[in-house]
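# Examining the three-dimensional arrangement
Each chain, letter by letter, is given below.
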Amino acid sequence: MSRSILWFRKGLRLHDNLALQSLLDKECSALFPVFVLDPHFVRSGNVGCNRMGFLLESLSDIQDTLQTKYNSNLFLVQGKPEDVLPRLWKEWRIDTMAYEIDTEPYAATRDATITSCAAKHGAQMIGAQG
């Protein structure tokens, strides 16, 4: 049984989330849904008002579903993923993290850094096609 993080990124839904399904297939003993408010997007001007509004609405919908159907919560953390995720791995004793693969240049670089950090921590990374 694994202790896992489901890292929400672009696929802000539960009903057909392949990253979530990959964790459920592993029979997690603990599952922590997480969204990271990355300053690259929040502070850079890469996100306009409409996109930010959609993001916040989607996160609220996920939170509502997690609470009502699963008695769980979405954890929102702020900071660079390569800084905040390793802290969560240590604090929550995480051994597996699943996420939706993103091929954009910033995401590919970020994910390579996160994968390297995960290897040092001993956490398995599971990338799922969105």
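Preceding block: the structure.
Residues numbered from 1 in each chain as written. Predicted model: local features only at pLDDT ≥ 70, side-chain atom pairs only at ≥ 80, totals over all residues. Heavy atoms only, no water.

## A short note on the packing of aromatic side chains
Evaluation of the coordinates by the stated rule reveals four aromatic pairs. Pairing W7 with Y99 gives two aromatic rings, centres 6.1 Å apart and planes at 55°, and the pair type is tilted. Taken together, the positions of W7 in strand β1 (residues 3–8) and Y99 in strand β4 (residues 96–100) put the pair 92 residues apart, joining distant regions of the chain. The buried category is assigned to Y99, whose relative accessible area is 10%. A connected cluster of aromatic rings, assembled from ring pairs, spans F32, F75 and W92. One Lys or Arg, R9, reaches over the ring of W7 and ends 4.4 Å from the middle of that ring. (Phe/Tyr/Trp six-rings, centres within 6.5 Å; stacked < 30°, edge-to-face > 60°. Helix = DSSP H or I, 4+ residues; strand = E, 2+ residues; numbered from the N terminus. Buried < 20%, exposed > 50% of the residue type's maximum accessible area, 1.4 Å probe, protein only. Lys NZ or Arg CZ within 6 Å of the ring centre and 35° of its normal.)

## Quick look at empty space enclosed by the protein
Across all of its chains, the model carries one cavity of 30 Å³ or more by this definition. Computed from the structure, the largest cavity encloses a volume of approximately 90 Å³. Lining the largest cavity are 14 residues, with G11, N17, L18, A19 and E100 positioned closest to its centre. For the lining of the largest cavity, the secondary-structure elements that each account for two or more residues are β1 and α1 (18–25). Of all the elements, β1 adds the most residues to the lining of the largest cavity, at three residues. When grouped by side-chain class, the residues that make up the lining of the largest cavity number five nonpolar, four polar and five charged. (1 Å grid on protein atoms, 1.4 Å probe; cavity = no way out; pocket = protein on both sides within 12 Å on 5 of 7 lines; lining within 4 Å. Points joined across faces, edges and corners; volume = space filled by probe spheres on them. Nonpolar A, V, L, I, M, F, W, Y, C, P; charged D, E, K, R; others polar.)

## With respect to the pattern of salt bridges
The full count for this structure, using the stated rule, is five salt bridges. Linking D111 and R9 is a salt bridge whose minimum nitrogen-to-oxygen distance equals 2.8 Å. On the criterion of sequence distance, the pair formed by D111 in helix α5 (residues 105–121) and R9 in the loop between β1 and α1 is long-range, its members being 102 residues apart. What makes R9 buried here is its relative accessible area of 11%. With its nearest N and O atoms 3.0 Å apart, the salt bridge here joins D111 to R110. What makes D111 buried here is its relative accessible area of 9%. Salt bridges here are not isolated pairs; linked through shared partners, they connect R9, R110 and D111. (Salt bridge = Lys/Arg side-chain N within 4 Å of Asp/Glu carboxyl O.)

## Structural notes on unusual backbone geometry
Located in the positive-phi region is E27, a residue other than glycine, with phi close to 55°. By secondary structure assignment, the location of E27 is in the loop between α1 and β2 (30–37). The class of E27 is exposed, set by a relative accessible area of 52%. A positive phi is found at N71, a non-glycine position, where the angle reads about 50°. With respect to the secondary-structure elements, N71 resides in the loop between α3 (49–70) and β3 (75–78).

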